[in-house]
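The lines below spell out each chain.
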Amino acid sequence: MITLAIFKPHCLKNPIAYQTIQQMITANGLKVIASKRINLSRAEAEKFYEEHRNKFFFRRLVSLMTSGPTEVVLLSGNDAIQKWRNLMGPTKVLKSVYTHPECIRSCFGLSDTRNATHGSDSEQSVSAEKQFFFGDLKL
């Protein structure tokens with residue numbers, strides 16, 4: 001099984017966070033099978049996060065995702081979607097600090113928008129997000 005993960009710009013600016021997350025991925029039985037660094041344009045970020053367009057945080061999220069390079073990776077492993085989501089922890093950073101103190105967002109998230117990482121939430125999301133970032137990449 002595969003899943004898609006994104007390291008958000010503020011996470012890439014912190015080499016300790018980036019290295020630690022890489023180690024957490026490996027330690028949890030996941031393997032990076034494709035990776036690329038990109039600079040999302042405003043139009044690309046708006047398209048990727050289209051489902052959130054009418055939410056209060058949409059503009060803030062688009063601004064964050066266009067503020068610098070992001071790294072998009074495909075992870076492979078048993079139950080990859082759930083493993084990655086467990087590693088990330090809750091979206092809300094303050095909640096994660098109390099309920100999942102060892103997760104990525106608790107350790108490296110700064111706010112609910114600047115929460116270090118993104119992860120696909122279903123096989124359908126993986127398929128659409130993989131197509132968005134990697135096109136017809138054959139694995």
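Residues numbered from 1 in each chain as written. Predicted model: local features only at pLDDT ≥ 70, side-chain atom pairs only at ≥ 80, totals over all residues. Heavy atoms only, no water.

- As annotated in an unreviewed UniProt entry, the protein carries the name Nucleoside diphosphate kinase and comes from Anopheles maculatus.
- Under the UniProt heading Catalytic activity (unreviewed entry), the note attached to the protein is "a 2'-deoxyribonucleoside 5'-diphosphate + ATP = a 2'-deoxyribonucleoside 5'-triphosphate + ADP". (UniProt positions renumbered as here; feature names shortened; annotations may be inferred.)

## Concerning the sheet that holds strand β4 (residues 117-119)
Here is step 1 of the chain: The sheet built from 4 strands is open, its strands ordered β2-β3-β1-β4 with antiparallel pairing. Every interior strand has two partners, whereas the edge strands, β2 (31-38) and β4, have only one. Here the average twist between neighbouring strands, direction ignored, is 20°.
Here is step 2 of the chain: Sheet topology places strand β1 (residues 2-7) next to strand β3 (residues 70-76); 6 bridges connect them, and they run antiparallel. Within the sheet, the bridge partner assigned to Phe7 lies in β3 and is Glu71.
Here is step 3 of the chain: Strands in contact with helix α2 (residues 15-27) are β1, β2, β3 and β4; relative to β1, the strand with the most contacts, it is inclined by about 170°.
Here is step 4 of the chain: Most of the contacts of helix α5 (residues 80-88) go to β1, to which it runs at about 30°, and overall it touches β1, β3 and β4. (Pairing = 2+ DSSP bridges. Helix = DSSP H or I, 4+ residues; strand = E, 2+ residues; numbered from the N terminus. Axes fitted to C-alpha atoms, helices over the stretch in contact; angles between N-to-C directions. Contact = heavy atoms within 4.5 Å.)

## What to know about the UniProt feature "domain: Nucleoside diphosphate kinase-like" (unreviewed entry) in the protein
Here is step 1 of the chain: When the UniProt feature table is mapped onto this chain, "domain: Nucleoside diphosphate kinase-like" (unreviewed entry) is found at residues 2-137.
Here is step 2 of the chain: Measuring from the first to the last C-alpha atom of residues 2-137 gives 13 Å, for a span that is 48% helix and 18% strand.

## Observations concerning helix α4 (residues 58-65)
Here is step 1 of the chain: Taken together, the buried positions of α4 are Phe58, Leu61, Val62, Leu64 and Met65. Projected down its long axis, α4 carries its buried residues within an arc of 160°, all on one side. (Buried < 20%, exposed > 50% of the residue type's maximum accessible area, 1.4 Å probe, protein only. Arc of directions from axis to C-beta.)

## What about the side chain of His118?
Here is step 1 of the chain: With respect to the helices and strands, His118 occurs in strand β4.
Here is step 2 of the chain: Relative accessible area serves as the criterion here: at 14%, His118 is assigned to the buried category.
Here is step 3 of the chain: Within the local environment of His118, its side chain forms a polar contact with the side chain of Glu129, the two groups lying 3.2 Å apart.
Here is step 4 of the chain: Not counting residues within four places of it along the chain, the set of residues in contact with His118 comprises Leu4, Ala5, Ile6, Lys8, Phe48, Tyr49, Trp84, Met88, Arg105 and Glu129. (Polar contact = N/O pair within 3.5 Å; in protein donor to acceptor, adjacent residues only side chain to side chain.)

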